Amino acid sequence: KIFFMKTLKSIFKYISLDPRLIILCAFLWTISVTIIITNFIVPNFDRGKIKSFVLNKPEHIKNFNSGIIFPDASTFNNMAIKFSKKLSIEGIENWTLFPKGCGQDCNDPIANFLALFYYFTNDNLFSFFIFNCIIFSLSVYILYKIYNEIFRDKKASLICLLPFLLFPTAISFYANIS
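Residues numbered from 1 in each chain as written. Predicted model: local features only at pLDDT ≥ 70, side-chain atom pairs only at ≥ 80, totals over all residues. Heavy atoms only, no water.

Right, let's talk about the overall build of the protein for a bit. Along the backbone of the protein there are nine helices and zero strands. When the helices and strands of the protein are placed in sequence order, the string is α-α-α-α-α-α-α-α-α. Relative to its full complement of 178 residues, the protein shows a buried share of 35%. Here the protein displays about 11,100 Å² of accessible surface, and carbon together with sulfur accounts for 67% of that area. (Helix = DSSP H or I, 4+ residues; strand = E, 2+ residues; numbered from the N terminus. Buried < 20%, exposed > 50% of the residue type's maximum accessible area, 1.4 Å probe, protein only. Areas by Shrake-Rupley, 256 points an atom, 1.4 Å probe, with all protein chains shown as cover.)

Looking now at the pattern of salt bridges. A complete count under the given rule lists one salt bridge for this structure. Two residues, Arg152 and Glu149, come together in a salt bridge whose shortest N-O distance is 3.4 Å. Like Arg152, the residue Glu149 is exposed in the burial classification. (Salt bridge = Lys/Arg side-chain N within 4 Å of Asp/Glu carboxyl O.)

Further remarks concern the nonpolar core. One finds Leu114, Tyr118, Leu125, Phe136, Val140, Leu161 and Tyr174 to be the most contacted residues of the largest nonpolar core, which totals 28 residues. Counting only elements with at least two residues in this core, the list comes to helix 2 (19-41), helix 5 (71-90), helix 6 (109-121), helix 7 (125-151) and helix 8 (154-166). Per element, the largest residue contribution to this core is ten residues, and it comes from helix 7. (Core = buried A, V, L, I, M, F, W, Y, C linked by side-chain atoms within 4.5 Å.)

Right, let's talk about the packing of helix 2 against helix 8 for a bit. For any two helices packed against each other, the geometry is given by the interaxial angle and the distance between the axes. Interhelical geometry of helix 2 versus helix 8 gives an angle of 25° and a closest axis separation of 11 Å. Classified by the angle between their axes, helix 2 and helix 8 sit roughly parallel to one another. Crossing angle aside, the handedness with which helix 2 passes helix 8 is right-handed. On helix 8, the residues that touch Ile22, Ala26, Trp29 and Thr30 of helix 2 are Leu161, Leu165 and Leu166. Residues that form the contact of helix 2 with helix 8 fall into these classes: six nonpolar, one polar and no charged. (Axes fitted to C-alpha atoms, helices over the stretch in contact; angles between N-to-C directions. Parallel < 35°, antiparallel > 145°, perpendicular 65-115°, else oblique. Left-handed = near helix turned anticlockwise from the far one by under 90°. Contact = heavy atoms within 4.5 Å. Nonpolar A, V, L, I, M, F, W, Y, C, P; charged D, E, K, R; others polar.)

Under the criterion given, the structure shown has seven aromatic pairs. Centre to centre, the rings of Phe117 and Phe131 are 5.1 Å apart; their planes meet at 55°, and the pair counts as tilted. On the criterion of sequence distance, the pair formed by Phe117 in helix 6 and Phe131 in helix 7 is long-range, its members being 14 residues apart. Since its relative accessible area comes to 19%, Phe117 is described here as buried. A residue is classified by how much of its surface remains accessible, and Phe131, at 27% relative accessible area, is partly exposed. Between the aromatic rings of Tyr147 and Phe151, the centroid separation amounts to 6.2 Å while the plane-to-plane angle is 35°, which identifies the pairing as tilted. Of this pair, Tyr147 and Phe151 are both found in helix 7, four residues apart, which corresponds to roughly one turn of the helix. Overall, the relative accessible area of 41% leaves Phe151 in the partly exposed class. (Phe/Tyr/Trp six-rings, centres within 6.5 Å; stacked < 30°, edge-to-face > 60°.)

A few words on helix 2. Residues spaced three or four apart along an α-helix point in a common direction, a consequence of the helix completing one turn every 3.6 residues. Taking 1.5 Å per residue, 23 residues should reach 33 Å; helix 2 reaches 31 Å between its end C-alpha atoms and fits that length. All of the buried residues in helix 2 are Ile22, Ala26, Thr30, Ile31, Val33, Thr34, Thr38 and Asn39. The inward-facing, buried residues of helix 2 abut helix 7, helix 8 and helix 9 (171-174). (Expected span 1.5 Å × (residues − 1).)

And the structure:
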């Protein structure tokens with residue numbers, strides 16, 4: 001326990017808490033975990049047990065799109081692909097986040113937002129993951145600023161921030177369509 005505390009003290013002694021460094025570290029962490037989860041871990045699950053939860057088609061693998069295990073994400077992805085194809089035919093001026101007058105046939109706003117990415121990136125889900133990681137990294141920085149206002153101590157603020165960044169449940173925010 002004492003060794004661990006001394007090690008943490010020596011690490012934090014040399015850390016520069018520049019906001020750009022916090023955002024960069026958060027982004028590198030989230031994008032690395034996203035690539036590992038979606039391309040190396042999820043594709044190796046037993047597809048027989050969770051077949052409806054996994055996107056693992058050959059056309060997705062080439063674009064770092066191989067594994068999404070949340071059923072909602074799979075549905076949003078399929079809706080977004082259809083809507084982006086419709087936009088390719090009808091034009092980008094027909095895009096809307098909140099469609100009106102379509103009843104049960106409306107896409108979810110998340111799918112419409114994702115369709116916009118797909119329209120510009122040819123159905124490349126990885127571009128949306130990058131966007132998710134950027135937004136999550138900015139959230140990490142904002143949370144750091146809040147903690148710093150509360151504690152008035154940069155090191156304590158950084159320590160309080162680590163669970164938000166490192167807990168496994170956080171992966172569902174940045175390595176998923178959400």
